[in-house]
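# An overview of the molecular structure
As a plain string of letters, each chain reads:
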Amino acid sequence: MSRIDYDSLTILAAVVREGSFEAAAKSMNVTQSAVSQRIKQLEDKVGVVLVARGRPCLPTDAGLQFCRHVEQVTLLQQELAERMRALVGGEDTQAATVRIAVNNDSLATWFPNLIKRATQELDIRFDILPDDQEHTEDSLKSGDALAVITTLEAPVQGCQRISLGAMDYVAVASPELYRRSFASGVNLDTLHNSICLAFNRKDTIQDQWMEMCFGGTVPLSTHFVPSYEGYLNCCLKGAGWGLVPVIAGQPYIDRGELVELSPGKEVRVSLHWQAGMQSSEILRRLGNLVLEEARTHLRPDIFRPD
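Here we take up the packing of helix α1 (residues 6-18) against helix α3 (residues 32-46). Packing of α1 against α3 brings their axes to within 9 Å, and their N-to-C directions diverge by 115°. Judged by the inter-axis angle, α1 sits roughly perpendicular to α3. Crossing of α1 against α3: the hand is left-handed. Contacts between α1 and α3 pair Asp7, Ser8, Leu9, Ile11, Leu12 and Val15 from the former with Val35, Arg38, Ile39 and Leu42 from the latter. Partitioning the contact of α1 with α3 into residue classes produces 7 nonpolar, 1 polar and 2 charged.

Okay, here's the thing in structure tokens:
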């Protein structure tokens, strides 16, 4: 293991990132046969399969660990190059890429501000894995991401958690859908007979809202819309009712384009930043930037690093 060729690890990471041997070869300006040969040699050396060949190519558990390792090494190399450039001068280094998992609602609202700042202040590039906020930590546990934004309060083993604040969600419908489905009021009976929107089958926020408002839940007839923009547009077009972040939905409510189903009843979702405790200086500084942006855009919660 101590003699593993880091050039081969870089090629492995490219295959996983690009999804195919051909695309990896093109991104690295080498031949596809060279990529295949280096991956085969690496697998022979470690004695396990690292890439499940397919469309797309996917990393095995062992492959994920190698990819995470080479990403961490790349960050450390960039930090060393920056320190040396400050001491003796020289050319700028190539920007490092950081793979993180971010919940879709953050990605569509406040997180782009963070991406802009991190690009300017840290000179990094992002490879973002979008998911529901309740499940982004799976990417951290598997090694597929170096850091995550998650609802998981307990720190993942070997990781530090920073509480960012809370994103509030409000249940809304278009005026036309509200008149059609809730003329007799919003209650469990009318909700059961209405059409709901959910991000995917892992999305439980509708149940949380019903439990908070009515002390129970009912089965819902649901459209699954795994896109923030598509979800919001479906609410606006009256395809169903759903829960949207207050920071995004409030302007539509103020203009009368959306109606709150239960005014004043908001589901508060606490968000946390988690990254490895032995992570690089770049990741530490990125965590600080994430916290600063969160304080600007999210509701106050507990701004305290563990």
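With that out of the way, let us pick up the environment of Thr97. Relative to the elements of secondary structure, Thr97 occurs in strand β3 (residues 96-103). It is 9.9 Å that separates the C-alpha atoms of Thr97 and Ile128, two residues lying 31 residues apart in sequence. Not counting chain neighbours up to four residues away, the residues in contact with Thr97 comprise Arg125, Phe126 and Asp127.

On to the pattern of salt bridges. Should their charged atoms come close, side chains of opposite charge can pair. According to the stated counting rule, one finds 15 salt bridges in the structure shown. In this structure, the salt-bridge partner of Arg117 is Glu292, at a minimum N-O distance of 2.8 Å. Of this pair, Arg117 sits in helix α6 (residues 111-122) while Glu292 sits in helix α13 (residues 281-297); the two residues are 175 residues apart in sequence, bridging distant segments of the chain. Take Glu292: its relative accessible area is 39%, and that puts it in the partly exposed class. Here Glu266 and Arg299 are joined by a salt bridge, their closest N and O atoms 3.9 Å apart. Here Glu266, found in strand β11 (residues 266-276), pairs with Arg299, found in the segment after α13; they are 33 residues apart in sequence, far enough to count as distant. Classification of Glu266 as partly exposed rests on a relative accessible area of 28%. By sharing partners, the salt bridges in this structure join Arg117, Glu121, Glu292 and Glu293 into a single network.

What follows covers the side chain of Thr109. Its location among the elements puts Thr109 in the loop between α5 (104-108) and α6. Within polar-contact distance, the side chain of Thr109 engages the backbone oxygen of Asp105 at 2.6 Å. In contact with Thr109, other than residues within four places in its own chain, are Met167, Tyr228, Ile247 and Ala248.

The subject of this paragraph is the pairing of β3. Side-chain direction in a regular strand flips from residue to residue, so the side chains alternate between the two faces of the sheet. Taking burial as the measure, the 8 residues of β3 include 7 buried ones, the bulk of the element. Strand direction decides the pairing type here: β3 and strand β4 (residues 124-131), joined by 8 bridges, are parallel. Counterpart to Val102 in the pairing with β4 is Pro130. Pairing of β3 with strand β5 (residues 147-150), which is carried by 2 bridges, proceeds in the parallel orientation. Across the sheet, the residue bridging to Ile100 is Ala147, located in β5.

Let us now look at the nonpolar core. Counting 47 residues, the largest nonpolar core has Leu164, Trp209, Trp241, Trp273 and Leu286 as the members making the most contacts within it. Of all elements in the fold, only β3, α6, β4, β5, β6 (159-173), α10 (205-214), β11 and α13 reach the threshold of two or more residues within this core. Excluding residues that lie within four positions of it along the chain, Trp273 makes contacts with Ile100, Ala147, Val148, Ile149, Gln160, Arg161, Ile162, Leu164, Leu286, Gly287 and Val290. In this structure, Ile4, Cys57, Cys67 and Val70 belong to the second largest nonpolar core, which totals 21 residues.

Quick look at α1 now. Taking 1.5 Å per residue as the helical rise, α1 with its 13 residues ought to reach 18 Å, and the 18 Å between its terminal C-alpha atoms agrees with that figure. Measuring from the backbone nitrogen of Asp7 back to the side-chain oxygen at the start of α1 gives 3.0 Å, which picks out Asp5 as the cap. Where α1 ends, the next residue or the one after it, Gly19, has phi of about 90°, a positive value.

Moving on to the packing of α6 against α13. When two helices pack together, their arrangement is given by the angle between their axes and by how far apart the axes lie. Put simply, α6 and α13 touch, their axes get as near as 10 Å, and they point 140° apart. In terms of axis orientation, α6 runs oblique to α13. Handedness of the crossing formed by α6 with α13: right-handed. In this structure, α6 contributes Phe111, Asn113, Leu114, Arg117, Ala118, Glu121 and Leu122 to the contact, and α13 contributes Ile282, Arg285, Leu286, Leu289, Val290, Glu292, Glu293 and His297. Considered class by class, the residues forming the contact of α6 with α13 number 8 nonpolar, 2 polar and 5 charged.

Time to look at the packing of aromatic side chains. On inspection of all chains with the given rule, the structure shows 5 aromatic pairs. Their ring planes at 75° and their centres at 5.5 Å tell us that Trp110 and Phe111 sit as a pair that is edge-to-face. Looking at Trp110, the relative accessible area reads 1%, which means it is buried. Between the aromatic rings of Tyr178 and Phe182, the centroid separation amounts to 5.9 Å while the plane-to-plane angle is 45°, which identifies the pairing as tilted. According to the relative accessible area criterion, Tyr178 is partly exposed, its value standing at 27%. Relative accessible area serves as the criterion here: at 2%, Phe182 is assigned to the buried category. Here a set of aromatic residues connected by ring pairs shows up, and it is made of Trp110, Phe111 and Phe126.

Conventions used here
- Starting from 1, residues in each chain are numbered consecutively following that chain's sequence as written.
- Only residues with pLDDT of at least 70 are given local features in this predicted model, and only at 80 or more are side-chain atom pairs given and counted; all residues enter the totals for whole chains, interfaces and linings.
- Heavy atoms from the whole structure form the basis of all side-chain values; hydrogens and water molecules are not counted.
- Axis definition: a line fitted to C-alpha atoms, limited for helices to the stretch in contact. Angles are taken between N-to-C directions and run from 0 to 180 degrees.
- Only DSSP runs of H or I reaching four residues or more are called helices, and only runs of E reaching two or more are called strands; each is numbered from the N terminus.
- Any angle from 65 to 115 degrees is called roughly perpendicular, while one under 35 is roughly parallel, one over 145 is roughly antiparallel, and all others are oblique.
- The crossing is said to be left-handed when, going from far helix to near helix, the turn is anticlockwise and less than a right angle, and right-handed when the turn is clockwise.
- Here, two residues are considered to be in contact whenever any of their heavy atoms come within 4.5 Å of each other.
- Three residue categories are used. Nonpolar comprises Ala, Val, Leu, Ile, Met, Phe, Trp, Tyr, Cys and Pro, charged comprises Asp, Glu, Lys and Arg, and polar comprises the others, including Gly.
- Salt bridge, as used here, is a side-chain nitrogen of Lys or Arg placed within 4 Å of a carboxyl oxygen of Asp or Glu.
- Accessible area is worked out with a 1.4 Å probe on protein chains only. A residue is then buried under 20% of its type maximum, exposed over 50%, and partly exposed in between.
- Definition of a polar contact: a pair of N or O atoms within 3.5 Å, with one able to donate and the other able to accept a hydrogen when the atoms are protein atoms, and with sequence-neighbouring residues admitted only if both atoms are side-chain atoms.
- Two strands form a pair only when DSSP identifies at least two bridges running between them.
- We define a nonpolar core as any set of buried Ala, Val, Leu, Ile, Met, Phe, Trp, Tyr and Cys residues linked to one another through side-chain atoms lying within 4.5 Å.
- By this rule, a helix spans an expected 1.5 Å times one less than how many residues it contains.
- Two rings from Phe, Tyr or Trp (for Trp, the six-membered ring) form a pair when their centres are within 6.5 Å of each other. A pair whose planes differ by under 30 degrees is stacked, one over 60 is edge-to-face, and the rest are tilted.

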